[in-house]
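Structure at a glance
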Amino acid sequence: MPRYRPHVAARPSWRCRICGAAWPCSPARLALLGSFREDRIGLLIYLGTLLCEATADLTAGRDGATPQGLADRFITWARAR
């Protein structure tokens, strides 16, 4: 039986170590939503902290990442709908 491997970010590229997608990938987002099920504000604070770290690693000159693109990637998806 295969063992579950968490989808975590490989730094400084911020790509998923398991699937290679831009992190947080879909499986990582689902896991984060489950972990912070009762604490959406805590999730947003956690993601904001990671956004700050990612911004330092992913500057616009190195891989084309923009501040708005990183905000969408890290924060926007997790807002309450």
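Only a predicted model underlies this, so the values are computations on that prediction, with no experimental measurement involved. Note that residues are indexed from 1 along each chain, following the sequence as it is written. For a predicted model such as this one, the threshold for reporting local features is a pLDDT of at least 70, and the threshold for listing and counting side-chain atom pairs is 80 or more; totals across whole chains, interfaces and linings nevertheless cover every residue. To obtain the side-chain values, all non-hydrogen atoms of the structure were used and water was disregarded.

**Let's talk about unusual backbone geometry**
Trans is the prevailing form of peptide bonds, just as negative phi is the prevailing case for residues other than glycine. Omega for the peptide link from arginine 11 to proline 12 comes to 15°, which places this bond in the cis form. A run of H or I in DSSP becomes a helix once it reaches four residues, and a run of E becomes a strand once it reaches two; helices and strands are each numbered from the N terminus. Positionally, proline 12 belongs in the loop between strand E1 (9-10) and strand E2 (15-16). Here the residue pair tryptophan 23 and proline 24 is connected by a cis peptide bond, since its omega of 5° sits within 30 degrees of zero. Despite not being glycine, tryptophan 14 has its phi angle at roughly 55°, a positive value. Mapped onto the elements, tryptophan 14 comes out in the loop between E1 and E2. Partly exposed residues are those whose accessible area sits between 20% and 50% of the maximum for their type, while under 20% is buried and over 50% is exposed, using a 1.4 Å probe and protein chains only. With a relative accessible area of 0%, tryptophan 14 lands in the buried category.

**Regarding the nonpolar core**
Counting 19 residues, the largest nonpolar core has Trp14, Trp23, Leu32, Leu47, Leu58, Leu70 and Phe74 as the members making the most contacts within it. A per-element tally of this core places helix H2 (residues 40-57) first, with five residues. Setting aside its immediate chain neighbours within four residues, phenylalanine 74 contacts Trp14, Trp23, Pro24, Leu47, Leu50, Leu51 and Ala54. Residues enter a nonpolar core if they are buried and are Ala, Val, Leu, Ile, Met, Phe, Trp, Tyr or Cys, with the set joined through side-chain atoms within 4.5 Å. Residue contacts are defined here by distance: any two heavy atoms, one from each residue, within 4.5 Å place the two residues in contact.

**Details of the pattern of salt bridges**
Throughout this description, the term salt bridge denotes a Lys or Arg side-chain nitrogen within 4 Å of a carboxyl oxygen of Asp or Glu. In total, this model carries one salt bridge according to the counting rule given. Glutamate 53 serves as the salt-bridge partner of arginine 11, at 2.7 Å between the closest nitrogen and oxygen. In this pair, arginine 11 is assigned in the loop between E1 and E2 and glutamate 53 in helix H2, connecting sequence segments 42 residues apart. Classification of arginine 11 as partly exposed rests on a relative accessible area of 46%.

**Remarks on H2**
Given a rise of 1.5 Å per residue, 18 residues ought to cover 26 Å, and the 26 Å separating the end C-alpha atoms of H2 matches this to within 8%. Gly42, Leu43, Leu47, Leu50, Leu51 and Ala54 are the residues of H2 that are buried. Residues of H2 that are buried make contact with helix H1 (26-35) and helix H4 (67-74). Multiplying 1.5 Å by the residue count of a helix minus one yields the expected span of that helix.

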